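# Breakdown of the fold
Chain by chain, the residues:
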Amino acid sequence: MLTIEGLEVRYGVIPAVKNMNLHVEQGEIVTLIGANGAGKSTTLKTISGLVPPFKGKITFEGQDITNRKAHEIVALGISQIPEGRGIFPNLTVRENLKLGMMLRKDSKAEQNSDLEKVFDRFAILRERISQIAGTLSGGEQQMLAIGRALMARPKLLLMDEPSMGLAPLLIQRIFEIITEINATGTTVILVEQNAWMALSIAHRAYALETGEIISSGKAQDLLHDPVIKQAYLGY
């Protein structure tokens, strides 16, 4: 579904991603793990067209999207839930969700059906539909960010630190939601500081260090790899 070949991304003269090669198959959850500054978020932003690559190629469903604009990439079927949620705090829950379907050209009935699916998954958003988004709790804001991304009907969902700042019970629920979304057919690339949780639900994983992939394979294999356990899992 997605292929990255020889990707290099720089901020000025500083390399953030170096010679990255990875692939994502349709229907997978693929996680990127690594310390802060490893290049995980930069990778997602580059796929989304928010950060330009210095070199390399990104292919999605056979199309070269390396230098496509962000809104064009969304229209192709890639949505991102950014680190920090990125909701519009001065808009209502309903308005935030509507922004997620701006590029859709299908019928109002289909859009309303998808809105109902979001409310079925996140009942609290139905209760808060007219509430200003900035007044929601952290967990509710994360649910809104996920719901907004789903309203674009993505084939590939990029999730950047979805558990950040959440209470343990909410973190568990967020990871359940990720597996539920994947079970409906949406492919997921997950960037997550909670490496144990990420590896527990993913099919495959890539470990990054200072912009380079240092290990990759089945998530369960990395979960039990002594080097990965010591470096990222704390035991």
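Use the structure listed above.
In short, a report on the structure. (Residues numbered from 1 in each chain as written. Predicted model: local features only at pLDDT ≥ 70, side-chain atom pairs only at ≥ 80, totals over all residues. Heavy atoms only, no water.)

### Side note on the nonpolar core
Counting residues in each nonpolar core, the largest one holds 47 residues, and the members touching the most others are I146, I178 and L199. Not counting residues within four places of it along the chain, the set of residues in contact with I146 comprises I81, F122, M159, I174, I177 and I181. Formed by 27 residues, the second largest nonpolar core is a distinct cluster that contains I4, V17, V24 and L76. (Core = buried A, V, L, I, M, F, W, Y, C linked by side-chain atoms within 4.5 Å. Buried < 20%, exposed > 50% of the residue type's maximum accessible area, 1.4 Å probe, protein only. Contact = heavy atoms within 4.5 Å.)

### Digging into unusual backbone geometry
Despite not being glycine, E61 has its phi angle at roughly 50 degrees, a positive value. Residue E61 is classed as partly exposed on the basis of its relative accessible area of 39%. At R153, a position not held by glycine, the phi torsion is positive, near 55 degrees. The topology assignment puts R153 in the loop between α6 (138–150) and β7 (156–160). (Helix = DSSP H or I, 4+ residues; strand = E, 2+ residues; numbered from the N terminus.)

### Section: the packing of aromatic side chains
For the structure shown, the criterion picks out zero aromatic pairs. Its guanidinium or amino end placed over the ring of F54, R10 lies 3.9 Å from that ring's centre, counting from NZ or CZ. (Phe/Tyr/Trp six-rings, centres within 6.5 Å; stacked < 30°, edge-to-face > 60°. Lys NZ or Arg CZ within 6 Å of the ring centre and 35° of its normal.)

### Points about the environment of G84
If you trace the backbone, G84 turns up in the loop between β6 (78–81) and α3 (93–99). Accessibility expressed as a relative area gives 53% for G84, which makes it exposed.

### Examining helix α10 (residues 226–233)
Here α10 has its buried residues at I228, Y232 and L233. One side of α10 holds all its buried residues, which, seen down the axis, span an arc of 75 degrees. With respect to the buried face of α10, the exposed residues turned more than 90 degrees away are P226, V227, Q230 and A231. In this fold, the buried residues of α10 make contact with β3 (29–33), α8 (195–201), β9 (204–209), β10 (212–218) and α9 (219–223). Sitting at the head of α10, D225 places a side-chain oxygen 2.8 Å from the backbone nitrogen of V227. (Arc of directions from axis to C-beta. Polar contact = N/O pair within 3.5 Å; in protein donor to acceptor, adjacent residues only side chain to side chain.)

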